[in-house]
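Coordinates in review
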Amino acid sequence: MDSLKLSAGVNLLATIALILASCANAAPPPAVQEAAGQPAGLAPKPGVPTATSKTEEPRRGGGITLALSGEPDTFDPHQSVTISLLAQISSVYNGVLRYNNTAPGHVGEIIGDLAKSWEISPDGTVFTFKLAPEVTWHDGKPLTADDIKWNFERMGKPPRGMISPRKDVFASVSSVEAPDPLAVIVRMKDPSMDFLADLAVDEMVMLPRHAVEAYGGDIKDPRRMVAGTGAFVWKGHTAGVGGQMARNPTYFRKGLPYLEWIKSVYIPDESTVLSALLTRRIDFVNIRSAWRPSHMEFLTRRGGDTIKTYNFPGLLAYRLVFNLEKPPFSDVKVRRAFSLATDRHGITKAAMEGGADISPFMPPFGSMVIPAEEAQRLPGFRVEKDADLEEARTLLKEAGYIGGKIRLTYRTPIAIYSAVVSVLQRNMAAVGIDLELVGQELAVFDTSLAKGSYDVILYVFNSPSDTPTALLSGFFKTGAGRNFNKYSNPDFDRLALAQLSETDQRKRRDLVLEMQRMLLRDLPQAVILWSKYYYATTGRIQNFNPGIGSRQMMRLDHVWVSG
């Protein structure tokens, strides 16, 4: 039986099959063994590149160099939350499912990856995946259903000492079975409306159990990169420089990949990466949270037809994560005062050049976001700040806040983050809060976040998908993988579980809206804005089709370079 065509995202009726028809001129790659397409959820429409090249047939050979903003703190894909790792290794591995970015006109569909097909039981609680035959790991060992079972369990119930940002995806799973080498059965406690969508993002990669266990489960070090099943084989990493991948000659999708190699380089400085792109020292610049409209304008003006740029609304949220376990943010009144004093519209204008959207907890598109007319009247989200500032001062007084420095930790050396926190520092001074800015490089920053060694932290995160599981439950459900500040509210947990299994979309929307309004009352985090996505490539890159989110477009098995 072919895969059952239920929606995988927020809106069961939504489909975006044609949104990228004009984004690329290259012909699609040959047909591959994938399950039938499945419509994704409500998603931003990717923008059309500003430059295109003539239509070509797929061409084998050559390679590309990716520029990434920094070195990841871990090389364990199941523990990483950074695009810097994901962009390097997504083509080394496969997931059970994937979002279809292999050809224009299909972006947003969920298709099979290691699964050639899947079935869902009539009550929505049993998912059966049939695996593609004759798939091997790069070390020659065969992929089996036991590998998939082990991966699901590693992410869903991580071993002691392992942090799994993806474990909430498996919160409703009661068991995973491998009845034969090519079949995986996932049984749910309740129906899960988001399971397929969250399973299809690039970060849900499958690792070889035998190789991970050979290292005692610790594969954080890049020297312990384990084999994948993907189109490219990992060839090594140089600390502070980048990584190398080479074409997998035994890739199970015959005829792919087209490229012979992919190289990644770390370039944190924006001026350097722009220069490198214009001089063809790099070919591809992934999502950079520091990029603004002026960067795109500069590339278009200087690069002309030799550069392609892309921009569209995205899932990139700038969040203030409060430390709930110590004063002053253990007091909700102080958290509310901080949010009230934050001038979101001023930050968007001053730091983002207007290249952002303002909305609480979910981006301003789709059916489950707080309606714009309501959001614009919310305290802290209003354009006019006088009432917000007065209320913030009152709340601080009621909380008995007597001053003293509050440390705001943010990531360096990214200029846009410095611009955002500088505006925040002025915002807080207006209500009597002395904000000390503490910049940290990526590895130290991630450690501070994980250990809770901060007062408030500016956390900039690209959500893997637009589902309530990814955007809400994953951050705020008790014990969730990205619940960094240990927020716990049984009423929120109850709503999170109820919405996930609610098949009536109107009722589900009501539950998700109630979740967001509860978060606005408790404020474990304060979302500042949702930045747009920006990409750039040289004109020689063909058949790159931006997806819905940053975790839905990293796979490059279908990309080739022009002659």
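Not measured: the values here are computed from a predicted model. (Residues numbered from 1 in each chain as written. Predicted model: local features only at pLDDT ≥ 70, side-chain atom pairs only at ≥ 80, totals over all residues. Heavy atoms only, no water.)

Brief notes about unusual backbone geometry
In this model, L256 is joined to P257 through a cis peptide bond whose omega is 0°. The linkage connecting T412 with the following residue, P413, adopts the cis geometry, with an omega of 5°. With respect to the helices, strands and loops of the structure, P413 is situated in the loop between β14 (405–411) and α11 (415–429). Despite not being glycine, L523 shows a phi value in the positive range, around 45°. (Helix = DSSP H or I, 4+ residues; strand = E, 2+ residues; numbered from the N terminus.)

Examining a negative patch on the surface
On the surface, a cluster of negative charge is made up of D491, D504, D510 and E514. You can see D510 is positioned in helix α15 (residues 505–522). (Patch = residues over 30% accessible without salt bridge, like charges linked within 9 Å, V, L, I, M, F, W, Y side chains within 5 Å. Areas by Shrake-Rupley, 256 points an atom, 1.4 Å probe, with all protein chains shown as cover. Salt bridge = Lys/Arg side-chain N within 4 Å of Asp/Glu carboxyl O. Lys, Arg positive; Asp, Glu negative; His and termini not counted. Charge placed at Lys NZ, Arg CZ, Asp CG, Glu CD.)

Side note on the pairing of strand β8 (residues 232–238)
In this structure, β8 lies alongside strand β9 (residues 242–247), joined through six bridges in antiparallel fashion. If you follow F232 over to β9, its bridge partner there is R247. In this antiparallel pair of consecutive strands, β8 and β9, the connection spans three residues, and G240 shows a positive phi of 80°. (Pairing = 2+ DSSP bridges.)

Describing the packing of helix α14 (residues 490–501) against α15
One can describe the packing of α14 onto α15 by two numbers: an axis separation of 9 Å at closest approach and a directional angle of 155°. Here α14 lies roughly antiparallel to α15, going by the angle between them. Considering the relative orientation of α14 and α15, their crossing is left-handed. Residue-level contacts link D491, F492, L495, A496, A498, Q499 and L500 of α14 to R508, L511, V512, E514, M515, M518 and L519 of α15. Residue composition of the contact of α14 with α15, grouped by class: ten nonpolar, one polar and three charged. (Axes fitted to C-alpha atoms, helices over the stretch in contact; angles between N-to-C directions. Parallel < 35°, antiparallel > 145°, perpendicular 65-115°, else oblique. Left-handed = near helix turned anticlockwise from the far one by under 90°. Contact = heavy atoms within 4.5 Å. Nonpolar A, V, L, I, M, F, W, Y, C, P; charged D, E, K, R; others polar.)

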